Amino acid sequence: MIEYENLHASNKVFLTDYVKSFEETLNRGWFILGKSVERFEEEFADYVGTRHCIGVASGLDALILSIKALHIPEGSEILIPANTYVATILAALHCRCVPVLVEPDRDTCNIDPTRLEDLVSPHTRAVIVVHLYGKPCDMDPIMAVVNKNNLFLIEDCAQSHGARYKGTMTGMFGHASAFSFYPTKNLGALGDAGAIVTNDPLVAEEVRKLRNYGSSKKYLNDVVGYNSRLDEVQAGFLSVKLKRLEEINSHKRALANVYHKALNARFRKPVVHPDFRDVYHIFNVRHPRRDALREYLLRHDIKTEIHYPVPPHRQKALEQYFRGKEFPVSDEIHSTTLSLPISFAHSTEDITRVAEVMNSFPE
Ligand SMILES: *Cc1c(COP(=O)(O)O)cnc(C)c1O
C-alpha cells in the first residue's frame with residue numbers, strides 16, 4: 001500500500017532531536033511563552049526574512065489575529081479566493097468582516113489577479129491571498145491592486161512554507177502573514193501550532209498582546225485579547241524541523257518532478273513557471289473522471305486525497321453568505337482535483353509506481 005501520508009514515517013527521522021528538545025523543555029519546567037517559543041520565533045522570522053514572528057495556537061488563529069491586529073473594522077469587505085480551505089473565510093467571519101470571494105485562475109488554481117479590481121468597493125479594506133497547494137500567487141498584479149486602492153494585504157501561508165515568488169519568500173509581501181504548523185503541513189508540528197510574520201513592529205506588538213489575553217505586562221490588560229499561544233513543547237519540535245525544511249521542500253520538489261516527467265498529458269498537472277518556486281504541499285492533478293480515477297488507484301493500493309471535495313461557498317455553514325453567487329471555476333477545480341502522494345516519507349520509487357498506475361487508467 002502506498003499511503004497518501006504517513007506522519008509517523010515523516011517524523012521518525014527527527015525522533016532523537018525531538019526527545020532531546022522535549023527533555024530540555026521538561027527540565028526547564030516552563031511551558032508557556034518561554035525560551036523555546038522565543039527561539040523559534042527568531043529562527044522562523046530569519047527563515048522567512050521578516051523582522052518579526054509571533055507564535056500562536058493555530059493557522060486559523062494566525063489569520064484571525066492578523067485581521068484584528070491590522071484594526072480592519074467590522075463590516076469591512078475582504079477579498080478572498082473562492083478556492084481555498086474554509087479557514088481563510090472563517091477568519092473573516094469571526095472578525096465580523098464580509099468575505100467577498102474571487103474566482104481562481106484556471107491554470108494556477110490561485111486567486112485570479114485580473115478579477116480583483118472589479119470587486120473592490122468603497123467597503124473593501126483587505127485582500128487575503130492563499131498560496132494554495134504550496135504554489136505562490138502571482139504577486140505583482142495583486143500588489144498593484146492592493147497599493148492602488150490602499151488595501152491591507154494578508155497572506156495565508158498555511159501551505160507555502162519556503163515557497164518563493166520571483167525569489168521572494170511568501171510571507172514577505174503581506175502587512176501580516178499567517179502560517180499553520182498543522183502536522184501535515186510542510187513545516188508540521190506534533191499538534192496544533194501557527195505563527196504570524198510581519199515587518200511592522202506595531203502589528204507585531206498588537207499580535208503579542210492579542211494572543212495573551214490582551215496583555216503585555218502580567219495582569220494588565222490593554223485590549224480584549226484571546227488565549228492563542230504557541231506552546232513550548234511544539235516550538236521546540238518546530239525548531240528541530242525548521243533546520244530541515246529546505247531539505248523537506250527539495251525532496252517534495254524532486255518527487256513533483258518525477259510526476260511532471262512521468263504522468264501523461266491526460267492529467268492536468270500543476271503549472272510550472274520559473275517565477276514560482278512551488279513547495280508542493282499538495283501535488284494535484286485534474287481529471288474529469290476524478291472519482292473513478294481515485295477508485296482505480298485505490299484498487300491498485302494507492303491512497304489519494306481530495307483538496308477539497310466541497311467548495312466553501314457550498315458548505316452548509318457558509319451558503320448563507322454566498323447565496324445567488326456563482327463560482328464555476330472554483331466548482332470545476334473542486335469536482336476534478338485529486339491529490340497524489342507526495343511527502344518526506346515517499347521515495348522516487350513510490351512516485352514512479354503511482355505515475356505508472358495513473359498512466360494505465362483506462363479511458
Ligand atoms: C491548514 C490551513 C489553515 C488552517 O490552519 P490550522 O492550523 O489548521 O488552523 C488555513 N488556511 C489554509 C489554506 C490551510 O491549508
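Residues numbered from 1 in each chain as written. Predicted model: local features only at pLDDT ≥ 70, side-chain atom pairs only at ≥ 80, totals over all residues. Heavy atoms only, no water.

Q: Could you give an account of the site of the ligand, with specific residues and numbers?
A: Residues in close proximity to the ligand total 13 residues, the closest being Gly59, Asp156, Gln159, Ser180 and Lys185. Within the backbone of leucine 60, a nitrogen or oxygen atom sits 2.8 Å from an oxygen atom of the ligand. A distance of 2.7 Å is found between an oxygen atom of the ligand and a side-chain nitrogen or oxygen belonging to lysine 185. Against a free-state accessible area of 380 Å², the protein chains account for coverage of 90% of the ligand. Because more than half of its atoms lie within 2 Å of the grid, the ligand is assigned to the largest pocket. Taken together, the residues of the shell around the ligand sort by class into 7 nonpolar, 4 polar and 2 charged. (Near = heavy atom within 4 Å. Polar contact = N/O pair within 3.5 Å; in protein donor to acceptor, adjacent residues only side chain to side chain. Areas by Shrake-Rupley, 256 points an atom, 1.4 Å probe, with all protein chains shown as cover. 1 Å grid on protein atoms, 1.4 Å probe; cavity = no way out; pocket = protein on both sides within 12 Å on 5 of 7 lines; lining within 4 Å. Sits in = over half its atoms within 2 Å of the grid points. Nonpolar A, V, L, I, M, F, W, Y, C, P; charged D, E, K, R; others polar.)

Q: How would you sum up the packing of helix H3 (residues 35–48) against helix H9 (residues 232–242)? Please name residues and give values.
A: At their nearest, the axes of H3 and H9 sit 8 Å apart, and the two run at 35 degrees to each other. For the pair H3 and H9, the sense of crossing is left-handed. For the pair H3 and H9, contact is made by Lys35, Ser36, Val37, Arg39, Phe40, Glu43, Phe44 and Tyr47 and by Glu232, Ala235, Gly236, Leu238, Ser239 and Leu242, respectively. Looking at side-chain class alone, the contact of H3 with H9 contains 7 nonpolar, 3 polar and 4 charged residues. (Axes fitted to C-alpha atoms, helices over the stretch in contact; angles between N-to-C directions. Helix = DSSP H or I, 4+ residues; strand = E, 2+ residues; numbered from the N terminus. Left-handed = near helix turned anticlockwise from the far one by under 90°. Contact = heavy atoms within 4.5 Å.)

Q: Could you give me a rundown of the pattern of salt bridges, with the residues and numbers involved?
A: With the rule as written, the count across this model stands at 20 salt bridges. A salt bridge links glutamate 232 to arginine 28; its shortest N-O distance comes to 3.6 Å. Linking glutamate 232 in helix H9 with arginine 28 in helix H2 (residues 15–28), this pair joins segments that are 204 residues apart in sequence. On the accessibility criterion, glutamate 232 (0% relative accessible area) is buried. One salt-bridge network, in which partners are shared between bridges, spans Glu41, Arg208 and Arg211. (Salt bridge = Lys/Arg side-chain N within 4 Å of Asp/Glu carboxyl O. Buried < 20%, exposed > 50% of the residue type's maximum accessible area, 1.4 Å probe, protein only.)

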